[in-house]
Amino acid sequence: MDKEQLYEMLERAQEAKGYYFNKDRKKVLELLESLLINRERYGYMACPCRLASEDRERDRDIICPCVYREPDVAEFGSCYCNLYVSREWNEGKIPETYVPERRPVEKMLF
Amino acid sequence: MADCDVMLYALSTCIHCKNTKEYLDGCGVKYDCVEVDKLEGDERKNIIEEIKKVNPSCSFPTIIIGDKIIVGSGRKKSRRL
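As the structure is a prediction and not an experimental result, all values here were calculated from the model.

Asker: Any chance you could explain the interface of chain A and chain B here in plain terms?
Answerer: Put simply, an interface is often sized by how much accessible area is lost when its parts join up. Opposite the 21 residues of chain A that make contact, chain B presents 21 residues. Scanning the region where chain A abuts chain B turns up 3 salt bridges. Between Lys 18 of chain B and Glu 30 of chain A there is a salt bridge, with its nearest N and O atoms 3.3 Å apart. Run the count over chain A and chain B and you get 8 residue pairs in polar contact (both at pLDDT 80 or more).

Asker: Would you mind showing me how to read helix α3 (residues 69-76) of chain A here?
Answerer: Two residues of an α-helix separated by three or four positions point the same way, owing to the 3.6 residues in each turn. All names here are of chain A. What α3 keeps buried is the set Arg 69, Asp 72, Val 73 and Phe 76. All buried residues of α3 lie within an arc of 95° about the axis, which places them on one face of the element. Seen from the buried face of α3, the exposed residues on the opposite side, beyond 90 degrees, are Glu 70, Ala 74 and Glu 75. Where α3 is buried, its residues touch α1 (3-15), β2 (84-85) and α4 (87-90). Positive phi appears at Gly 77, one or two residues downstream of α3, with a value of about 80°.

How each quantity is defined
- Residues numbered from 1 in each chain as written.
- Chains lettered and ligands numbered in written order.
- Predicted model: local features only at pLDDT ≥ 70, side-chain atom pairs only at ≥ 80, totals over all residues.
- Heavy atoms only, no water.
- Contact = heavy atoms within 4.5 Å.
- Salt bridge = Lys/Arg side-chain N within 4 Å of Asp/Glu carboxyl O.
- Polar contact = N/O pair within 3.5 Å; in protein donor to acceptor, adjacent residues only side chain to side chain.
- Buried < 20%, exposed > 50% of the residue type's maximum accessible area, 1.4 Å probe, protein only.
- Helix = DSSP H or I, 4+ residues; strand = E, 2+ residues; numbered from the N terminus.
- Arc of directions from axis to C-beta.

Shown next as structure tokens:
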């Protein structure tokens, strides 16, 4: 699967859940390419902005879409890596800010 | 800042790390960069331990400028240093 195919596949499924790709398509395709790199590396699509432990069970919470997407989009209008955003964020109604890491430090087991 | 050593710990796949590199390049700042996701074995472990000393959550990018630590893609923070 290439990044364009992944885009088509995820766009429909995630929009139905109320999560939209960032309006910056170039950035989105870069992130999707990174997800494919991680799938090749680790066997699962770990968040491209977090260091995976190479253990699927330990990384379960950061497999995209990560479990922090919901609270991040609810609070900031964007997930940690800016791949998924709310409709309002894409419309410029929410300021673009750096989304702080929500994953608990205890989860960072390497 | 020109006299300080700048160290960037990054992930090759991370968009915030890419943005940080572009920003530093645009400012003409010279820096050393380690892409931690490309390391393996003991080299990876050792670097992670180094990062944890300054940033316990081991998040990226982690930037060390002299004795200052910046976690995340903080242009405003970087500019102040």
